[in-house]
Amino acid sequence: MTTTPLLEAIGLSKSFPGVKALDGVNLRLAPGSVHALLGENGAGKSTLIKALTGVHRPDAGSIVVAGREQRFADPAAARAAGIGVVHQERNVIRSFTVGENIVMERMPRSAGRIDWSKVRGEAAACLALLDVDLDPATPITELSSAQMQLVEIARALYTETRVLLLDEPTASISGAESDRLFRVVDRLRDDGRAVLFVSHKLEEVYAHCDTVTVLRDGESVLESQPLAEHAHDEIVDTMVGRSLGSLTVPTRSAPRDVAPALELDGVTTTAGHHDVSLAVRPGEILGLYGLVGAGRTELAHAIVGLERITAGELRIDGSPARIRSVRQALQRHRLGYVTENRKEEGVFLEQSITRNIAVTVWSSLARGTGLVSGRREREVVSRYVDDLDIRISSLNQLAGRLSGGNQQKVSLAKWLAASPRILIIDEPTVGIDLRTKRAFYELIWRLADEGLAILLISSDLAEMITLADRVAVMDRFAITGEVENDHDYDSMSREVIRLIHADADAL
Ligand SMILES: Nc1ncnc2c1ncn2[C@@H]1O[C@H](COP(=O)(O)OP(=O)(O)OP(=O)(O)O)[C@@H](O)[C@H]1O
Ligand SMILES: [Mg+2]
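In this text, all values refer to a predicted model and were calculated from it rather than measured experimentally. (Residues numbered from 1 in each chain as written. Chains lettered and ligands numbered in written order. Predicted model: local features only at pLDDT ≥ 70, side-chain atom pairs only at ≥ 80, totals over all residues. Heavy atoms only, no water.)

1. Description of the overall build of the protein chain
Secondary structure assignment for the protein chain yields 18 helices and 22 strands. Over its C-alpha trace the protein chain gives a radius of gyration of 24 Å, about what one expects of a compact globule, namely 23 Å for 507 residues. Sorting the 507 residues of the protein chain into buried and exposed places 53% on the buried side. In the protein chain, of all internal contacts separated by at least 6 residues, the share reaching a separation of at least 24 is 67%. Of the roughly 22100 Å² of accessible surface on the protein chain, a fraction of 48% belongs to carbon and sulfur atoms. Placing the 58 positive and 70 negative side-chain charges of the protein chain at their respective mean positions leaves the two points 6 Å apart. (Helix = DSSP H or I, 4+ residues; strand = E, 2+ residues; numbered from the N terminus. Rg over C-alpha atoms; globule rule 2.2 N^0.38 Å. Buried < 20%, exposed > 50% of the residue type's maximum accessible area, 1.4 Å probe, protein only. Contact = heavy atoms within 4.5 Å. Areas by Shrake-Rupley, 256 points an atom, 1.4 Å probe, with all protein chains shown as cover. Lys, Arg positive; Asp, Glu negative; His and termini not counted. Charge placed at Lys NZ, Arg CZ, Asp CG, Glu CD.)

Shown next, in the form of structure tokens:
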């Protein structure tokens, strides 16, 4: 039996200057399905979503909604046709409250005036549907990016949505928040609606999706297939266009007899850490694992001076150090800090790729003469563009025109290009495709072999076990233990989980 798809793309094409982002793409979203849209960074996933929702006008092809061809002049027209969307970039009105952001497309009115108590009531009902504990009166700017995303989902559900398109909704939210999101997704499916789901996390794709489309270089190379008929490795190879094979983890012998480059000794901070001690030697990768909210990012903040150390000592190369800013960390100590919030903090969207990567290079390149030649700058930048396989049409392209994952890579490249001696990286591979993840792992191993001291914060336990030499576990702003990494997933994950709960058991 064939059912009429709720939404269908037939031969959709879209070009930007220098790149054919979509090339004859076909997609069918059946009622009651959760459809995965997969592909490497820059494959065209977000462009497809924008072409389907009136953000971009397709150059060719058609969009069919429940059997009727549609042309959306703008996003409002797509919404009116029952298509809800949460884009990869946050899309909220910053001067509005949470509630106003949710109902803004259909402000409740009575007697011609906006009915504010209704705004709050209806927004609260939407949030309750999502199990989100937020007051509609909260200014939206007080929210984390993950919370803003939930507000955007609430907004998409507020209008009559038959099809919900979610562009990497789980890239930067915690496991608990993802679970909540998937409960909503499951409910929509059971209700006979359709969800399109973009993610680089194949485990969750297999757990929640039933059908799949794979894009590669703008073409749909696998079109609306039952997911269960395609094994994990086959899907990966289809995305990449060749067999990716398996990753070889090098046998590294992290140096033990050298003095630590970065050391915390009994540190207490204004963020709430107590008695935190850890040490990273040159050439070593120390993993800092913990659940979201355990205090890992805040510890990084304390090291670079964004939080204050109130007791204990921070030492760099054995000497006590007081760092006041990220800039000072780099200039005085050659300590680089790649923040978790790269999309908001890491990339200047209106600047070229070269400028973005070169900002941190200036301080190291300009040393001595105070000048950086354009040629030298381009050399350094091109090297990292190659290393991380950043998909660009030219070095002068604006960073804002890159796909989301490629923007992430630009912000990583920026810090690597500064040739730091100590690097703190927070959630390095969020939103980055599998192949680049591997290229990044290899780069990190190479940098460590060259003597870089690396503190790696990640919520991805598999990533931690792949990369780290040792893993320190943090729970509620304290270190609960440290494990030597034997790279055996089962024994390591057991040990790490035990340490996370060590404190709780003792209570
Ligand atoms: N507004 C734009 N102007 C110019 N080029 C663009 C624009 N938007 C996207 N592109 C280009 O189109 C291609 C596809 O980008 P898209 O954002 O759709 O990729 P994606 O599959 O969503 O990747 P990611 O996983 O990194 O989010 C890329 O080469 C990108 O640089
Ligand atoms: Mg995208």
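Let's pick the thread back up.
2. Quick look at the packing of helix α5 (residues 145-158) against helix α6 (residues 175-190)
With their axes 12 Å apart at the nearest point, α5 and α6 run at an angle of 10° to one another. Judged by the inter-axis angle, α5 sits roughly parallel to α6. Contacts between α5 and α6 involve A146, L150, I153 and L157 from the former and E177, R180, L181, V184 and L188 from the latter. Taken together, the residues that form the contact of α5 with α6 break down as seven nonpolar, no polar and two charged. (Axes fitted to C-alpha atoms, helices over the stretch in contact; angles between N-to-C directions. Parallel < 35°, antiparallel > 145°, perpendicular 65-115°, else oblique. Nonpolar A, V, L, I, M, F, W, Y, C, P; charged D, E, K, R; others polar.)

3. Some points on the sheet that holds strand β13 (residues 262-269)
Spatial strand order, β14-β13-β16-β17: four strands in an open sheet with antiparallel pairing. The open sheet has two edge strands with one neighbour each: β14 (276-280) and β17 (319-320). The pairing of β13 with β14 spans four bridges and is antiparallel. Residue L262 lies in a different strand from β14, and its bridge partner there is V280. Contacts between helix α9 (residues 296-303) and the sheet are confined to β13, β14 and β16 (309-316), with β13 contributing the most and set at about 105° to the helix. (Pairing = 2+ DSSP bridges.)

4. Some remarks on the domain arrangement of the protein chain
Under the domain assignment used here, the protein chain contains domain 1 (7-240) and domain 2 (262-334 + 420-506). The C-alpha centroid of domain 2 is placed 34 Å from the C-alpha centroid of domain 1. Of the residues lining the interface, ten residues belong to domain 1; the matching set on domain 2 comes to eight residues. Summed over both sides, the interface of domain 1 with domain 2 buries roughly 730 Å², with 57% coming from carbon and sulfur. If you sort the residues of domain 1 by the area they bury against domain 2, E40, N41 and H200 come out on top, with a joint share of 53%. Between the two partners, domain 1 and domain 2, sit one salt bridge. The residue E40 makes a salt bridge to R435 at a minimum N-O spacing of 2.7 Å. Viewed at the interface, domain 2 and domain 1 are joined by three residue pairs in polar contact (both at pLDDT 80 or more). Of the residues belonging to the side of domain 1 that touches domain 2, the class tally is four nonpolar, four polar and two charged. (Domains from an automatic or database assignment. Buried area = accessible area lost by both parts, 1.4 Å probe. Salt bridge = Lys/Arg side-chain N within 4 Å of Asp/Glu carboxyl O. Polar contact = N/O pair within 3.5 Å; in protein donor to acceptor, adjacent residues only side chain to side chain.)

5. With respect to the coordination of the magnesium ion (ligand 2)
Protein coordination of the magnesium ion (ligand 2) is provided by S46 (OG) and Q88 (OE1), with donor distances spanning 2.0 to 2.1 Å. With a gap of 42 residues between them, S46 in helix α1 (residues 45-52) and Q88 in the loop between β6 (83-86) and α3 (98-103) connect regions that are remote in the sequence. For the residue pair S46 and Q88, the accessibility class agrees, reading buried in each case. (Donors = N, O, S within 2.8 Å, 3.2 Å for Na, K, Ca; no water.)

6. Considering the side chain of Q88
With relative accessibility at 7%, the residue Q88 sits in the buried group. At a separation of 3.2 Å, a polar atom in the side chain of Q88 contacts the side chain of E168.

7. Concerning the packing of aromatic side chains
With the rule as written, the count across this model stands at three aromatic pairs. Ring pairing ties together the aromatic residues F440, Y441 and W445, which thus form one cluster. Over the ring of Y158 we find R106, and its NZ or CZ is 4.8 Å from the ring centre. (Phe/Tyr/Trp six-rings, centres within 6.5 Å; stacked < 30°, edge-to-face > 60°. Lys NZ or Arg CZ within 6 Å of the ring centre and 35° of its normal.)

8. Examining the site of ligand 1
The environment of ligand 1 is formed by 21 residues, the closest being G42, K45, T47, S403 and G405. A43 is positioned with one of its backbone polar atoms (N or O) 3.2 Å from an oxygen atom of ligand 1. In the environment of ligand 1, an oxygen atom lies 2.6 Å from a nitrogen or oxygen atom belonging to the side chain of S403. Burial of ligand 1 by the surrounding chains reaches 88%, relative to a free accessible area of 640 Å². Breaking the shell around ligand 1 down by element, the ones donating at least two residues are β2 (19-29), α1 and α14 (404-417). A class-by-class count of the residues in the shell around ligand 1 yields five nonpolar, twelve polar and four charged. (Near = heavy atom within 4 Å.)

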